[in-house]
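# Topology and contacts: notes
Residue-level listing of the chains:
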Amino acid sequence: MTIARGHLEVLRRTNGKPAPEIHVALDELGRIEQILERLLLLAKADQPDFVVLEKVDIEPFVEDVFMRWSEVAPRAWRLGRLAPGRLSADPDGLRCALDALLENAVKYTEAGDLIEVRSRATDRGVLIEIEDGGCGISEDALAHIWDRFARADAARTRAHGGVGLGLAIVDAISKAHGGGCTVRVDGETTTFALFLPGFRTSAAVPPAPIAELLRNS
């Protein structure tokens, strides 16, 4: 892949006129490279060193991820209330999981649709929620949404270059942390909730039971 990209980049630089074919080839190589990276990541999911835990200040961490994504697509981005405190997590893995959830939200929304990111302390950890006002998810798709290569809308996802690995990565990373991820659909509003244990809140308000938060989110 690297050799092929290198030759195409040289050809693009030395070509005296615009070459759409080269641009298309480089774009396809980029998609394949992303797929390979995700497959390699999933292949490591069962290894003991898949996640390396550190203490993460979760409030600025989530805010940083949000700020990066808010510049990617013209959506109605909203940063909700964030739970202050420290989380025992793999920073790279957590960022990868949040990136995958936000990429999914962007993929299934249009310009002007809401995407909100928020987090809440629970009695067992922290709940990071990503809500979008896109096209929703069918009941049939919900049963397989965490499977590898599963796609909520095959035609639409293919048009956006996806192959159904993003949510499988979220599932693998959350489980490696001893947590999990759920999804709730209310009409055209979809809310993904990423739960992670090992969180110590710095807020004065006692955390709510996680079961209650998931039920009322």
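Refer to the preceding data block for the structure.
Described in the following lines is the structure provided in the data block. (Residues numbered from 1 in each chain as written. Predicted model: local features only at pLDDT ≥ 70, side-chain atom pairs only at ≥ 80, totals over all residues. Heavy atoms only, no water.)

Here the focus is the nonpolar core. Of all hydrophobic cores here, the largest spans 47 residues; its most connected members are Leu 94, Leu 98 and Leu 194. Elements represented by at least two residues in this core include exactly α3 (58–70), β3 (85–89), α4 (91–107), β4 (114–121), β5 (126–132), α7 (166–176) and β7 (189–196). The element contributing the most residues to this core is α4, with eight residues. Apart from residues lying up to four places away in sequence, Leu 98 is in contact with Phe 61, Val 62, Val 65, Ile 128, Ile 130 and Leu 194. (Core = buried A, V, L, I, M, F, W, Y, C linked by side-chain atoms within 4.5 Å. Buried < 20%, exposed > 50% of the residue type's maximum accessible area, 1.4 Å probe, protein only. Helix = DSSP H or I, 4+ residues; strand = E, 2+ residues; numbered from the N terminus. Contact = heavy atoms within 4.5 Å.)

Take the pairing of β5 next. A large share of β5 lies buried, amounting to seven of its seven residues. Of the two faces of β5, the one carrying Val 126, Ile 128, Ile 130 and Asp 132 and the one carrying Leu 127, Glu 129 and Glu 131 are both buried. Here seven bridges tie β4 to β5, and the two strands are oriented antiparallel to one another. Its bridge partner lying in β5, Arg 120 is registered against Leu 127. Linking β4 back to β5 in an antiparallel pair, the connection comprises four residues. Pairing analysis gives seven bridges linking β5 to β7, with the strands arranged antiparallel. Note that in β7 the partner of Ile 128 across the bridge is Leu 194. (Pairing = 2+ DSSP bridges.)

Mapped onto the elements, Leu 8 comes out in helix α1 (residues 2–14). Since its relative accessible area comes to 19%, Leu 8 is described here as buried. Through-space distance from the C-alpha of Leu 8 to that of Ala 25 is 7.9 Å; in sequence the pair is 17 residues apart. The residues contacting Leu 8, other than those within four sequence positions of it, are Ile 22, Ala 25, Leu 26 and Leu 29.

For the rest of this paragraph, the subject is α3. The first and last C-alpha atoms of α3 sit 18 Å apart over 13 residues, in line with the 18 Å expected at 1.5 Å per residue. Within α3, the full set of buried residues consists of Ile 58, Phe 61, Val 62, Val 65, Phe 66 and Trp 69. Buried residues in α3, looked at end-on, bunch into an arc of 130 degrees, giving them a common side. (Expected span 1.5 Å × (residues − 1). Arc of directions from axis to C-beta.)

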